[in-house]
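Coordinates in review
Listed here are the chains, written in short residue letters.
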Amino acid sequence: MPEQMSDPIDPQREQTPLIVYQIRVQGHLSLQWAEWFEEVTITLEETGDTLLTGSAVDQARLYSWLRKVRDLGMPLLSVIRVESEQREHSSINHSS
């Protein structure tokens, strides 16, 4: 039976835990952008803000989301790291 090879670029890759981030922006993000923010939960809050929640293996993924927020011209209110069990489970969520 052949041995399984580890990732030659990053031997720790399979062991790296996902980190969950929440990015809060001012204003409601149009739901047409849901696909552009792949693998991110979009929550439109009653306060008029939008909460983006997603899991990232590294900060490069986080920075790609922040670049998208910048490109949309939406004011950034906060970025926090949260525990994975606090993450929203639906892909698009409307707070009522």
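Located above this text is the structure these notes cover.
Residues numbered from 1 in each chain as written. Predicted model: local features only at pLDDT ≥ 70, side-chain atom pairs only at ≥ 80, totals over all residues. Heavy atoms only, no water.

**A short note on the nonpolar core**
The condition that has to hold: For the purposes of this section, nonpolar cores are sets of buried Ala, Val, Leu, Ile, Met, Phe, Trp, Tyr and Cys residues that join through side-chain atoms within 4.5 Å. Remark: exposure states derive from per-residue accessible area (1.4 Å probe, protein chains only) relative to the maximum for the residue type, with buried under 20%, exposed over 50%, and partly exposed in between. Helix and strand definitions here come from DSSP, where helices need a minimum of 4 consecutive H or I residues and strands a minimum of 2 consecutive E residues; each element is numbered from the N-terminal end.
Counting 16 residues, the largest nonpolar core has Ile23, Phe37, Leu52, Trp65 and Val69 as its most contacted members. Of all elements in the fold, only strand S1 (19-25), strand S2 (40-44), strand S3 (50-56) and helix H1 (59-72) reach the threshold of two or more residues within this core. Sort the elements by how many residues they give to this core and S1 lands first, with 4 residues.

**Things to note about the pairing of S2**
Applied cut-off: Any two strands with at least two DSSP bridges between them are considered paired.
Across the 5 residues that make up S2, a large majority, 5, are buried. Burial along S2 is two-sided: Val40, Ile42 and Leu44 facing one way and Thr41 and Thr43 facing the other are all buried. Taken together, the 5 bridges between S2 and S3 define a ladder with antiparallel strand orientation. In the strand pairing of S3, threonine 41 is matched with threonine 53.

**Remarks on the environment of leucine 66**
The following threshold applies: By definition, residues are in contact when any of their heavy atoms lie within 4.5 Å.
Position of leucine 66 relative to the elements: it lies in helix H1. When the C-alpha atoms of leucine 66 and valine 79 are compared, they prove to be 9.1 Å apart, with 13 residues separating the residues in sequence. If we ignore the near neighbours within four places in the chain, the residues touching leucine 66 are Ile23, Leu76 and Val79.

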